[in-house]
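Residue-level structural notes
Each chain, written out:
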Amino acid sequence: MNKNDKKKEQPKAKTKDYKNLKQYSVKKECELLSFLLETFSTQSRNSVKSLLGSHRVSVDGAPVTQFNFKLYPGDTVIISTSPIRKKTRSHLPIIYEDDEIIVINKPSGLLSIASDKEKGSTAYRMLSDYVQQKDKHNRVFVVHRLDEDTSGVLMVAKNVKIQQALQEKWNDIVSKRGYYAIVEGVMEKPSGTIKSYLKKNAQNMMYSSKKPGDGQLAITHYKVMKSTDTYSLLDVNIDTGRKNQIRVHLGEMGHHIIGDDKYGEPADPIKRLGLHAYELDLTHPITGKKMKFTAPTPKEFDLLFKQSK
């Protein structure tokens, strides 16, 4: 099956046109109204305030109306051409929550954060709506990301202090990043380690270089859990969290992850990418507490191998 056939079978919903949205990067810590007044210095104060009153302002895709909402470096303020309303969020796939972090089982097909093609339908937006139901000044902060079509354990912070502590020490405090991957074919070895230097080409695609230092070092370990004549289920652990690392490494071995038409043309038997982040283990950067978060194996994964017996 080629890519064009797959697209015909599964037509995607029309996406919004974000070309006309105005986006502004935040360079320093400040309150939202102050940022808007400085950004739109040629407009009247009432005109700037009306942007908030008409629900046309969002921060990283999450709608905000409070004048004194706190902004931090790295935030993106977006001005919409039409009102953006908060949504009541319930029944979120929350694995764990305390005063500092929230961990969810992110569904496949949901972006972690806003992109050039999608601003509102993201895990970040859902969690922002959720925490602001309790207090309109609450917000969440990105700690790490999962690809849009990868499901599983995703963590966000509830304050900038814990976000910075987690991100600054991420590679030191994380002891396990476990994934289940379904690939085409039978692996030549029951286990192995893949090491290369990942680079990005002109099409924003990642690829491997074997030359030391020529790109970002990426290390992937795999172990075969189940296999049939057609597919193999792998337990994958990564020492590094590079963009599309697992998809590139396994694809370059000739075993593309099912449903991954970005890096190949594999079969799509479960109508989604066959990659799931099932476990994240880390040591709290401030308290030293050991923390372990897991997300159950998607039903589609188990069903595929039951049907293949």
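Before reading further, recall that the structure is shown in the block above.
My aim in this report is to walk through the structure given alongside it, one point at a time. (Residues numbered from 1 in each chain as written. Predicted model: local features only at pLDDT ≥ 70, side-chain atom pairs only at ≥ 80, totals over all residues. Heavy atoms only, no water.)

**A closer look at the side chain of His144**
Residue placement: His144 occurs in the loop between β9 (141–142) and β10 (151–157). Of note is the side chain of His144, whose polar atom sits 2.9 Å from the backbone nitrogen of Met155. Discounting chain neighbours no more than four positions away, the residues touching His144 are Val153, Leu154, Met155, Trp170 and Leu280. (Helix = DSSP H or I, 4+ residues; strand = E, 2+ residues; numbered from the N terminus. Polar contact = N/O pair within 3.5 Å; in protein donor to acceptor, adjacent residues only side chain to side chain. Contact = heavy atoms within 4.5 Å.)

**Digging into the sheet that holds strand β3 (residues 57–59)**
Pairing is antiparallel in the open sheet, where four strands are placed in the order β1-β6-β3-β4. Unpaired on one side and paired on the other, β1 (22–25) and β4 (62–63) mark the two borders of the sheet. Its contacts with the sheet put helix α2 (residues 32–39) on β1, β3 and β6 (76–79), and the angle it makes with β6 is roughly 65 degrees. (Pairing = 2+ DSSP bridges. Axes fitted to C-alpha atoms, helices over the stretch in contact; angles between N-to-C directions.)

**Quick word on the nonpolar core**
As a rule of thumb, soluble globular proteins bury nonpolar side chains together. Of all hydrophobic cores here, the largest spans 31 residues; its most connected members are Ile102, Tyr179, Val236, Ile246, Leu250 and Ile257. Among the elements of the structure, β8 (101–106), α4 (123–132), β10, β11 (174–184), β15 (231–238), α7 (245–252) and β16 (275–283) are those that each provide at least two residues to this core. Considering each element in turn, this core owes the most residues, five residues, to α4. The residues contacting Leu250, other than those within four sequence positions of it, are Ala181, Val183, Ile194, Leu234, His255, His256 and Ile257. Counting residues in each nonpolar core, the second largest holds 19 residues, with Ile101, Ala157, Leu280 and Met291 among its members. (Core = buried A, V, L, I, M, F, W, Y, C linked by side-chain atoms within 4.5 Å. Buried < 20%, exposed > 50% of the residue type's maximum accessible area, 1.4 Å probe, protein only.)

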